[in-house]
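Results of the structural survey
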Amino acid sequence: SLIRINEINHEEPEITDAPGVQDYEIEGNVEFRRLNFAYDGKQVLHDVNLQIPAGSSLAIVGPTGSGKTTLVDLIPRIYDADPGMVLIDGRPIREYTLSSLRRNIGFVPQETFLFSDRIRENIALGVETATDAEIRISAAAANIAADIESFPESYETVVGERGITLSGGQKQRTAIARALIRNPRILVLDDALSSVDTHTEDKILNHLRDVMKGRTTIFISHRVSTVRNADRIAVLHGGRIVELGTHEELLALNGYYNDLYNKQRLEEELAE
């Protein structure tokens, strides 16, 4: 066991700061410029050109395996695209220090990871100066405050490894609170509402609309109800952007998005 732990402790990260990079203030304008990206020689993204103005919202939809998660993973440099293909505020992201870049990004991944610790620490992860009031405000914005306060020990409740004592929806909402407490300029939600029902989703989105004001927000979802109010919606298919526009504009194209909308509307009618 000690050998394995030492291997991890001595592992060097593949993505590091280049010499001479600086901390810059980030407004939140995100741009993908002629972006191509491959894993182990397999092309995943093809000639993606997309600009997301600071303070606006972009939703990304598309079938499984179309490259949605890969695209947003490139923003905080979880993976590295070739130089000059991903920019923030017109500056290639490799010119930012990793600490300044990631400090300004709130990221909620598909698979939520909570630690075997108090809920308070799980929300405040990475923000050592977080106050109780800030933690409660973030929890309220993620629509998880009422659940937490219903526990006998409230924010002092210890959750099991990977948050096993919480439901899937509670884990996702705790992760959203963790992202919000960073007060990020760029907020990325990678299918972060998939484990909650549509009623809870509406509540969270209503809270997030206030939080999203002035921030660049990018969210991935399979639900039209989640993405329809975004400033723009991008349809990713086969690693390419095949449709881009507002909810109404995409419906008028009678393409993938329109098919998805009609399918989900039919499912809702059958459920009723």
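In the block above lies the structure referred to throughout.
The text that follows walks through the structure, step by step, so that each part is easy to find.

As a general point, the strands of a sheet are linked pairwise by backbone hydrogen bonds and lie either parallel or antiparallel. Read from one edge of the open sheet, 4 strands run S2-S1-S4-S5, paired in antiparallel fashion. Two strands lie at the open edges of the sheet, namely strand S2 (42–52) and strand S5 (91–92), each paired on one side alone. Strand direction decides the pairing type here: strand S1 (residues 30–39) and strand S4 (residues 86–88), joined by 3 bridges, are antiparallel. Counterpart to Glu-31 in the pairing with S4 is Leu-87.

With that out of the way, let us pick up the nonpolar core. Ranked by internal contacts, the top residues of the largest apolar core, which has 44 residues, are Ile-123, Ile-176, Leu-189, Leu-208, Ile-233 and Tyr-257. If sequence neighbours within four positions are ignored, Ile-233 has contacts with Leu-58, Ala-59, Val-61, Val-227, Arg-228, Glu-243, Leu-244, Gly-245, Thr-246, His-247, Leu-250 and Tyr-257. Leu-50, Ala-81, Ile-93 and Tyr-96 belong to the second-largest nonpolar core, a separate cluster that totals 30 residues.

Before going further, it helps to spend a moment on the packing of aromatic side chains. In the structure shown here, the tally under the stated rule is 5 aromatic pairs. Seen in terms of ring centroids, Phe-37 and Tyr-39 are 5.2 Å apart; in terms of plane orientation they differ by 85°. Their pairing is edge-to-face. Every member of this aromatic cluster is reached through a ring pair, and the members are Phe-37, Tyr-39 and Tyr-79. Across the ring face of Tyr-24, the terminal group of Arg-91 is positioned such that the distance to the ring centre comes to 3.7 Å. For Arg-91, the ring lying beneath its charged end belongs to Tyr-96, and the centroid distance is 5.8 Å.

Once that is clear, we can look at a negative patch on the surface. Among the surface-exposed residues, Glu-7, Glu-11, Glu-12 and Glu-14 lie close enough to one another that they form a single negatively charged patch. Along the chain, Glu-11 falls in the loop between helix H1 (2–9) and S1. Residue classification places Glu-11 among the exposed residues on the basis of a relative accessible area of 59%.

Mapped onto the elements, Thr-216 comes out in strand S8 (residues 216–220). Taking the relative accessible area as the measure of exposure, Thr-216 reaches 0% and is therefore buried. Here the side chain of Thr-216 touches Gly-55 through a polar contact of 3.1 Å, landing on its backbone nitrogen. What Thr-216 contacts, discounting residues up to four positions off in sequence, is Glu-27, Gly-28, Asn-29, Val-30, Ile-52, Pro-53, Ala-54, Gly-55, Ser-56, Arg-185, Ile-186 and Leu-187.

Moving on to the sheet that holds strand S9 (residues 232–237). Read from one edge of the open sheet, 6 strands run S6-S7-S8-S3-S9-S10, paired in mixed fashion. Edge positions in the open sheet fall to strand S6 (105–108) and strand S10 (240–245), since each of these has one partner strand only. Averaged over all pairs of adjacent strands, the angle between their axes in this sheet comes to 15°, without regard to strand direction. Docked against the sheet, helix H7 (residues 168–180) engages S6 and strand S7 (186–190), running at close to 170° with respect to S6. Seen against the sheet, helix H11 (residues 256–271) touches strand S3 (57–61), S9 and S10 and runs at an angle of roughly 100° to S9.

The next subject is unusual backbone geometry. The backbone of Arg-34 shows a phi angle near 50°, a positive value even though the residue is not glycine. Take Arg-34: it is sitting in strand S1. Here Arg-34 falls in the exposed class, since its relative accessible area comes to 53%.

Each value, and the rule that gives it
- Residues numbered from 1 in each chain as written.
- Predicted model: local features only at pLDDT ≥ 70, side-chain atom pairs only at ≥ 80, totals over all residues.
- Heavy atoms only, no water.
- Pairing = 2+ DSSP bridges.
- Helix = DSSP H or I, 4+ residues; strand = E, 2+ residues; numbered from the N terminus.
- Core = buried A, V, L, I, M, F, W, Y, C linked by side-chain atoms within 4.5 Å.
- Buried < 20%, exposed > 50% of the residue type's maximum accessible area, 1.4 Å probe, protein only.
- Contact = heavy atoms within 4.5 Å.
- Phe/Tyr/Trp six-rings, centres within 6.5 Å; stacked < 30°, edge-to-face > 60°.
- Lys NZ or Arg CZ within 6 Å of the ring centre and 35° of its normal.
- Patch = residues over 30% accessible without salt bridge, like charges linked within 9 Å, V, L, I, M, F, W, Y side chains within 5 Å.
- Areas by Shrake-Rupley, 256 points an atom, 1.4 Å probe, with all protein chains shown as cover.
- Salt bridge = Lys/Arg side-chain N within 4 Å of Asp/Glu carboxyl O.
- Lys, Arg positive; Asp, Glu negative; His and termini not counted.
- Charge placed at Lys NZ, Arg CZ, Asp CG, Glu CD.
- Polar contact = N/O pair within 3.5 Å; in protein donor to acceptor, adjacent residues only side chain to side chain.
- Axes fitted to C-alpha atoms, helices over the stretch in contact; angles between N-to-C directions.

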